[in-house]
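Understanding the architecture of this molecule
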Amino acid sequence: MSLKSFAPIRRIRILYLILSVLLLISVVPIYFYSSKVEVINRERLITNERLLQNTVARSLADDIAQHQNSSRMMMANLSSALQVASNGDITGEQVEAAELRALLENYVSSSNDVAYATLLNSEAKGISAGRIAPDAFLQRELERAYAAAREGRGYTGEALVVGSGKDARTVIVVSEPVMASGNFIGMLGSVIDLQFLIRRLQEVSRGGLTPYVVDSVGRLVAGTSTDYATGQDMTNLDIVRNFVDQGSKAQFVAATYEFNVGQGKNAVKMLGTYSPVLNLEWAVVVQKPREEAYRAVYEMQRSARIWAFLAALLSVGIGIIAARTITNPLQILTDSSRAIAQGDFSQRVRLKSRTEFGELAATFNTMSEELEQFVFDLKRAANENRDLFLASIQMLAGAVDEKDPYTRGHSDRVTRYSMMIAREMGLTENEIEVVRISAQLHDVGKIGIEDRILKKPGALTEEEFEVMKTHTTKGANILRPVAQLQEMLPGIELHHESLDGRGYPHGFKGDQIPRLARIIAVADTFDALTTNRPYQQARDAEAALKVIQSLSGKRLDPTAVAAIEAVHARGEIKVPRPAIKIPLVAVPPQPVSQPQPAPLMQSSVPETPVPVEVATTQA
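This text gives an overview of the structure that appears in the document. (Residues numbered from 1 in each chain as written. Predicted model: local features only at pLDDT ≥ 70, side-chain atom pairs only at ≥ 80, totals over all residues. Heavy atoms only, no water.)

A few points about the overall build of the protein chain
In plain terms, the rule: The secondary structure listing takes helices from DSSP runs of H or I that are at least 4 residues long and strands from runs of E that are at least 2 residues long, numbered from the N terminus. A 1.4 Å probe rolled over the protein chains alone gives each residue an accessible area, and that area as a share of the maximum for its type sets the label: buried under 20%, exposed over 50%, partly exposed in between. Throughout, a residue-residue contact means that at least one pair of heavy atoms, one from each residue, lies within 4.5 Å. Accessible surface is estimated by sampling points in the Shrake-Rupley manner with a 1.4 Å probe; for residues, cover comes only from the protein chains shown.
Scanning the protein chain for helices and strands turns up 18 helices and 11 strands. By residue count, 41% of the 619 residues in the protein chain fall in the buried class. Sequence separation of 24 or more characterises 59% of the internal contacts of the protein chain that already satisfy a separation of 6 or more. Accessible surface for the protein chain amounts to roughly 33,500 Å². Of this, 55% is attributable to carbon and sulfur atoms.

Here's what the structure looks like:
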């Protein structure tokens with residue numbers, strides 16, 4: 001089985017699983033508990049903020065209503081005193097009596113809230129007293145008050161601003177009809193200074209709220225913000241518009257709303273409450289930006305989340321420490337197992353533990369020792385089998401070489417040259433091993449060639465040469481049943497192929513010829529040129545390389561040729577010079593009238609030197 005099958009698969013670490021379990025049983029309950037507490041407290045804080053606004057608004061409304069009742073009561077007492085002093089007659093010049101004027105002036109001076117007072121009889125004549133002089137707007141309000149008094153009604157006017165700068169005052173006109181025996185005899189009118197209301201609103205604003213008072217149609221009566229002016233239409237605010245839309249129903253209901261001030265990106269989310277002033281058809285409004293109103297909520301949420309996060313961190317930290325006590329031994333065992341799976345059988349688990357992990361480690365070490373011994377025995381047996389296999393191959397190749405004394409040692413030399421070329425070309429060790437075995441067996445097919453052809457001293461006939469050419473396919477067929485030699489077959493069968501397509505057995509061209517066969521072809525040619533043959537004298541290495549260079553790109557692979565030249569240039573190829581020169585035997589001349597085939601291949605000693613092409617083909 002390949003070690004790749006033991007390659008580690010991307011798995012979920014058990015540390016994460018244990019941490020997940022610890023988180024589920026610790027952090028998750030804390031999270032849900034804190035979330036529930038946060039929701040409960042959030043609702044309580046929101047309710048408290050709404051109650052606070054409601055309380056402030058009701059308190060202001062009650063203060064205004066009480067102040068209004070006090071003002072009405074003072075006017076009623078003054079009206080009674082005026083009737084007693086005038087005996088119920090304020091017609092004509094009687095309205096200007098000194099007693100009546102004194103009562104009126106005393107009324108104004110006795111209250112800081114009364115800025116002006118007037119007494120008019122049924123003829124619209126009368127007297128007045130006060131700290132301000134009515135302007136045109138105030139005079140118009142007094143006329144409306146007089147008209148309401150003639151109808152027997154009390155009157156409360158719109159809020160007006162009198163004076164300017166520091167002397168500016170917000171006032172309203174309040175009037176009561178003066179009746180005698182059920183008949184209208186005059187009107188008592190007062191201009192009430194609302195400074196008391198503004199002071200009260202300012203007190204409330206110090207608490208972070210924005211208070212103001214509006215009348216029944218949504219106009220501003222009084223406020224503390226410089227953004228709003230007395231008499232301004234405030235119905236652009238949802239809370240004021242809601243009060244106006246409620247009409248008479250709003251006189252009995254206080255309401256709290258969330259609304260926006262402004263539009264688009266400039267809109268401010270607000271929380272506000274209005275409370276009606278029952279006897280004036282006014283409403284007191286208090287409001288605050290929601291971010292400030294719910295600040296306690298947000299702080300509570302932030303604090304709760306921080307504490308929940310810290311609790312989660314503490315749980316995770318404890319969980320990591322607890323998980324490490326379990327996962328560390330497992331990690332050691334895993335690393336050791338992976339090392340053994342990758343072939344390091346010397347690996348041992350160094351783990352001291354009194355738990356089951358210690359027992360597992362001891363068992364693992366015993367197993368590792370037995371595996372190491374078993375693998376050692378297997379490797380030794382494999383090496384012995386491999387050595388036997390290679391020795392068998394070498395003996396088989398040697399047996400082939402021994403059939404012809406001129407090719408003795410040929411397979412060993414071709415093997416050595418082929419490995420040098422392959423290494424120079426940058427082939428891997430596995431590829432070089434394939435080259436070595438294939439080169440060793442490249443001529444094994446000659447074992448199937450008859451000795452009369454293989455050892456024939458003269459020229460081969462065309463038929464004999466065709467038989468000799470079959471040694472490549474015979475060799476491949478002999479070794480094809482051996483599964484371990486399948487990679488070597490191309491070098492055995494195709495090492496006589498030529499780049500120009502003139503080789504055999506298939507006449508392959510160019511890239512059709514495998515690299516293995518090209519390497520062996522160069523090595524085979526080099527050995528053929530540097531050893532004595534019946535048809536040629538051995539050349540020295542330099543001369544042989546010149547011949548090979550002349551065949552580069554035509555018959556032989558240029559890359560392999562360059563490789564053997566580089567190896568020779570470094571002095572790694574040593575070709576011994578032959579001790580003797582073997583005389584060449586000339587081929588008998590053929591009659592002209594009977595042309596014979598040109599000698600294609602010689603098995604022994606030809607009578608004339610054979611061309612290089614024939615020599616390399618025969619090799």
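Once the structure has been displayed, the description carries forward.
Some details on the packing of helix H16 (residues 541-551) against helix H17 (residues 558-569)
A pair of packed helices is captured by two measures, namely the crossing angle of their axes and the spacing between those axes. Heads up, the condition is: Helix axes are fitted only over the stretch in contact, all axes being lines through C-alpha atoms; the angle between N-to-C directions runs from 0 to 180 degrees. Angle categories: roughly parallel below 35 degrees, roughly antiparallel above 145, roughly perpendicular from 65 to 115, and oblique for all the rest. By definition, turning the near helix anticlockwise from the far helix through less than a right angle yields a left-handed crossing, and turning it clockwise yields a right-handed one.
H17 packs onto H16 with a crossing angle of 160° between their chain directions and a minimal axis gap of 10 Å. Between H16 and H17, the interaxial angle falls into the category roughly antiparallel. Every pair of crossing elements has a handedness; the one defined by H16 and H17 is left-handed. Where H16 approaches H17, its residues Ala 541, Glu 542, Leu 545, Ile 548 and Gln 549 are matched on the opposing element by Val 561, Ile 564, Glu 565 and His 568.

A short note on unusual backbone geometry
Going from Tyr 504 to Pro 505, the amide bond is cis rather than trans, its omega being 15°. Looking at where Pro 505 falls in the secondary structure, it is placed in the loop between helix H14 (489-494) and helix H15 (515-529). For Ala 124, which is not glycine, the phi torsion reads 65° and is therefore positive. Within the secondary structure, Ala 124 is located in the loop between strand S1 (114-121) and strand S2 (126-130).

Describing the nonpolar core
Across soluble globular proteins, nonpolar side chains have a tendency to be buried as a group. The condition that has to hold: In this description, a nonpolar core means a group of buried Ala, Val, Leu, Ile, Met, Phe, Trp, Tyr and Cys residues linked to one another through side-chain atoms lying within 4.5 Å.
Core analysis: the biggest nonpolar cluster contains 43 residues, and Ile 64, Leu 119, Leu 197, Val 213, Val 277 and Trp 282 have the highest contact counts within it. In terms of residue count, the dominant contributor to this core is helix H1 (residues 14-86) (nine residues). Membership of the second largest hydrophobic core comes to 41 residues, among which are Leu 427, Val 444, Leu 485 and Ala 560.

Remarks on helix H9 (residues 410-424)
Quick reminder of the rule: One less than the residue count of a helix, multiplied by 1.5 Å, gives the span that helix is expected to have.
With 15 residues, H9 ought to run about 21 Å at 1.5 Å a step, and its terminal C-alpha atoms sit 21 Å apart, in line with that. Most of H9 sits inside the fold, with 11 of its 15 residues counted as buried. Along H9, the residues classified as buried are His 410, Ser 411, Arg 413, Val 414, Thr 415, Tyr 417, Ser 418, Met 419, Met 420, Ile 421 and Ala 422.

Examining the sheet that holds strand S8 (residues 220-223)
Quick reminder of the rule: Pairing between strands is defined by DSSP: at least two bridges between the two strands are required.
Strand order in the open sheet formed by five strands is S8-S7-S11-S10-S9, and the pairing between neighbours is antiparallel. Every interior strand has two partners, whereas the edge strands, S8 and strand S9 (255-261), have only one. On average, each strand axis in the sheet is inclined to that of its neighbour by 30°, with strand direction left out of account. By the bridge criterion, seven bridges tie S9 to strand S10 (residues 268-277) in an arrangement that is antiparallel. Considered in S10, the bridge of Glu 258 is made with Leu 271. Running over the sheet, helix H4 (residues 195-205) touches strand S7 (210-214), S8 and strand S11 (282-289) and is turned about 150° from S7. Against the sheet, helix H5 (residues 238-246) makes contact with S7, S9, S10 and S11, and its axis sits at roughly 30° relative to S10, the strand it touches most.

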